[in-house]
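What follows is each chain in one-letter form.
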Amino acid sequence: MIIAPSVLTANLSALAGDCREALDAGLDWLHLDVMDGNFVPNLTFGPPVIRSLRKALGPDAVFDAHLMIENAEDSYQQYIDAGCNHLSIHVEAVTHLHRAVTAIREAGATVGVVLNPGTPIEAALEVLSELDLVLVMSVNPGFGGQSFIPSVEKKIRTLSEAIKNQVAAGGRPVQIQVDGGVKAHNIAMLREWGVTNCVVGSGLFNQNANVADNLAIIHEALQ
Ligand code: DX5
Ligand code: ZN
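Anyway, here's the lowdown on the structure attached to this text. (Residues numbered from 1 in each chain as written. Chains lettered and ligands numbered in written order. Predicted model: local features only at pLDDT ≥ 70, side-chain atom pairs only at ≥ 80, totals over all residues. Heavy atoms only, no water.)

**Some details on the coordination of the zinc ion (ligand 2)**
Here is step 1: Of the protein atoms, only H31 (NE2), D33 (OD), H66 (ND1) and D179 (OD) coordinate the zinc ion (ligand 2), at distances of 2.0 to 2.2 Å.
Here is step 2: Given six donor atoms and angles of 70 to 170° at the metal, the environment of the zinc ion (ligand 2) is assigned as octahedral.
Here is step 3: Sequence positions of the residues that donate to the zinc ion (ligand 2) give the spacing H-x1-D-x32-H-x112-D. Separated by 113 residues along the polypeptide, H66 in strand β3 (residues 62-68) and D179 in strand β7 (residues 175-179) bring together distant segments of the chain.
Here is step 4: Looking at H66, the relative accessible area reads 0%, which means it is buried.
Here is step 5: Its relative accessible area of 8% is what places D179 among the buried residues. (Donors = N, O, S within 2.8 Å, 3.2 Å for Na, K, Ca; no water. Tetrahedral: all angles 85-135°; square planar, octahedral: opposite > 155°, others 65-115°. Helix = DSSP H or I, 4+ residues; strand = E, 2+ residues; numbered from the N terminus. Buried < 20%, exposed > 50% of the residue type's maximum accessible area, 1.4 Å probe, protein only.)

Pasting the structure below:
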């Protein structure tokens with residue numbers, strides 16, 4: 001199980017330091033929540049901040065950009081140039097999903113499609129053979145610290161079956177990433193559903209403990 005710390009609930013005025021804390025705790029994916037104030041009702045950061053982070057953190061961390069932005073097909077190259085290794089785009093935020101997915105791969109990043117809680121699974125299944133990851137949102141995107149929506153179970157299980165079938169037929173393995181309300185109390189259940197990659201924001205960056213101690217509790221839940 002990959003744990004991808006979401007920096008949204010980190011101290012954004014000390015972003016590189018908080019990211020470094022996560023990397024030092026043994027986490028090598030960083031989930032970067034890019035919000036444009038249009039696709040979602042919140043605004044975070046974009047390519048200039050990501051470029052600075054890459055400079056501060058060096059080449060090793062996997063920068064996993066969750067693009068909650070309109071028209072990602074017009075701007076994906078800026079995120080790759082800024083140092084992102086992986087881009088996930090929302091079904092509703094691009095006009096031509098297949099074209100956007102293949103263009104991102106050709107530009108040199110791995111690629112994922114994001115399904116909101118209200119988005120049917122079909123769009124991801126149509127392009128599954130082109131994907132590295134499907135991101136299933138278990139909250140409505142825009143904010144950290146929301147409660148997990150349990151009805152995503154069916155979508156995750158269906159996706160897991162479809163990926164198994166694709167791999168059995170010689171196709172590409174695809175990660176299932178879940179984002180929103182993932183904590184120590186539900187992460188083992190998610191693994192049982194077929195999830196391979198969990199985004200954790202407020203479960204890692206909070207007032208209770210430091211990242212390493214919060215991570216130890218999550219690892220214990222996965223024992
Ligand atoms: C929500 C973001 C998430 C969020 C997760 O739009 O995509 O990555 O920061 O935070 P928690 O784990 O607190 O739900
Ligand atoms: Zn996210």
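From this point, things continue past the structure.
**Comments concerning unusual backbone geometry**
Here is step 1: Of note, the phi angle at N71 is positive, near 55°, even though the residue is not glycine.
Here is step 2: Note that N71 resides in the loop between β3 and α3 (72-81).
Here is step 3: Residue N71 is classed as partly exposed on the basis of its relative accessible area of 41%.

**Looking at helix α2 (residues 47-57)**
Here is step 1: Every buried residue belonging to α2 is among P47, I50, L53, R54 and L57, and all of these are buried. Here the buried residues of α2 occupy an arc of 120° about the axis, which is enough to place them on one side. Among the exposed residues of α2, those pointing more than 90 degrees away from its buried face are P48 and K55.
Here is step 2: In this fold, the buried residues of α2 make contact with α1 (15-24), β2 (29-35), β3 and α3.
Here is step 3: Looking at the residues trailing α2, positive phi occurs at G58, about 85°. (Arc of directions from axis to C-beta. Contact = heavy atoms within 4.5 Å.)

**Structural notes on the site of ligand 1**
Here is step 1: Residues in close proximity to ligand 1 total 20 residues, the closest being D33, G142, D179, G201 and S202.
Here is step 2: In this structure, H66 approaches ligand 1 through a side-chain N or O atom, which is 3.2 Å from an oxygen atom.
Here is step 3: In the model, an oxygen atom of ligand 1 is placed 2.6 Å from a nitrogen or oxygen of the S202 side chain.
Here is step 4: Protein contacts shield 100% of the accessible area of ligand 1, which totals 380 Å² for the unbound molecule.
Here is step 5: Listed by contribution, the elements that provide at least two residues to the shell around ligand 1 are β2, β3 and β8 (197-200).
Here is step 6: If you tally residues by element for the shell around ligand 1, the top one is β2, at three residues.
Here is step 7: Residues belonging to the shell around ligand 1 are distributed by class as follows: eight nonpolar, 10 polar and two charged. (Near = heavy atom within 4 Å. Polar contact = N/O pair within 3.5 Å; in protein donor to acceptor, adjacent residues only side chain to side chain. Areas by Shrake-Rupley, 256 points an atom, 1.4 Å probe, with all protein chains shown as cover. Nonpolar A, V, L, I, M, F, W, Y, C, P; charged D, E, K, R; others polar.)

**Remarks on the environment of V113**
Here is step 1: Inspection of the secondary structure assignment puts V113 in strand β5 (residues 110-115).
Here is step 2: Residue classification places V113 among the buried residues on the basis of a relative accessible area of 0%.
Here is step 3: A sequence separation of 110 residues divides V113 from I3, and the C-alpha atoms of the two residues are 18 Å apart.
Here is step 4: Residue contacts for V113: discarding those within four places in its chain leaves I89, V91, L97, V101, A124, V127, L131, L133, V134 and L135.

**Here we look at the packing of aromatic side chains**
Here is step 1: Within this structure, the stated rule accounts for one aromatic pair.
Here is step 2: Against the face of F63 rests R54, its NZ or CZ located 3.8 Å from the ring centre. (Phe/Tyr/Trp six-rings, centres within 6.5 Å; stacked < 30°, edge-to-face > 60°. Lys NZ or Arg CZ within 6 Å of the ring centre and 35° of its normal.)

**Here's the deal with the packing of α2 against α3**
The relative placement of two packed helices is expressed as an angle between their axes plus a distance between the axes.
Here is step 1: At a minimum axis separation of 8 Å, α2 and α3 run at an interaxial angle of 20°. Viewed along their axes, α2 and α3 adopt a mutual orientation that is roughly parallel. Between α2 and α3 lies a crossing whose hand is right-handed. Contact residues: α2 offers P47, I50 and R51, while α3 offers Q78, Y79 and D81. (Axes fitted to C-alpha atoms, helices over the stretch in contact; angles between N-to-C directions. Parallel < 35°, antiparallel > 145°, perpendicular 65-115°, else oblique. Left-handed = near helix turned anticlockwise from the far one by under 90°.)

**Remarks on the sheet that holds strand β4 (residues 86-90)**
Here is step 1: Reading across the sheet, the eight strands line up as β1-β8-β7-β6-β5-β4-β3-β2 and stay open at both edges, with parallel pairing between neighbours. Only two strands of the sheet have a single neighbouring strand rather than two, namely β1 (2-5) and β2. When the angles between neighbouring strand axes are averaged without regard to direction, this sheet yields 25°.
Here is step 2: Examined bridge by bridge, β7 and β8 share three bridges and lie parallel to one another. Bridging from a neighbouring strand, D179 pairs with V199 of β8. (Pairing = 2+ DSSP bridges.)

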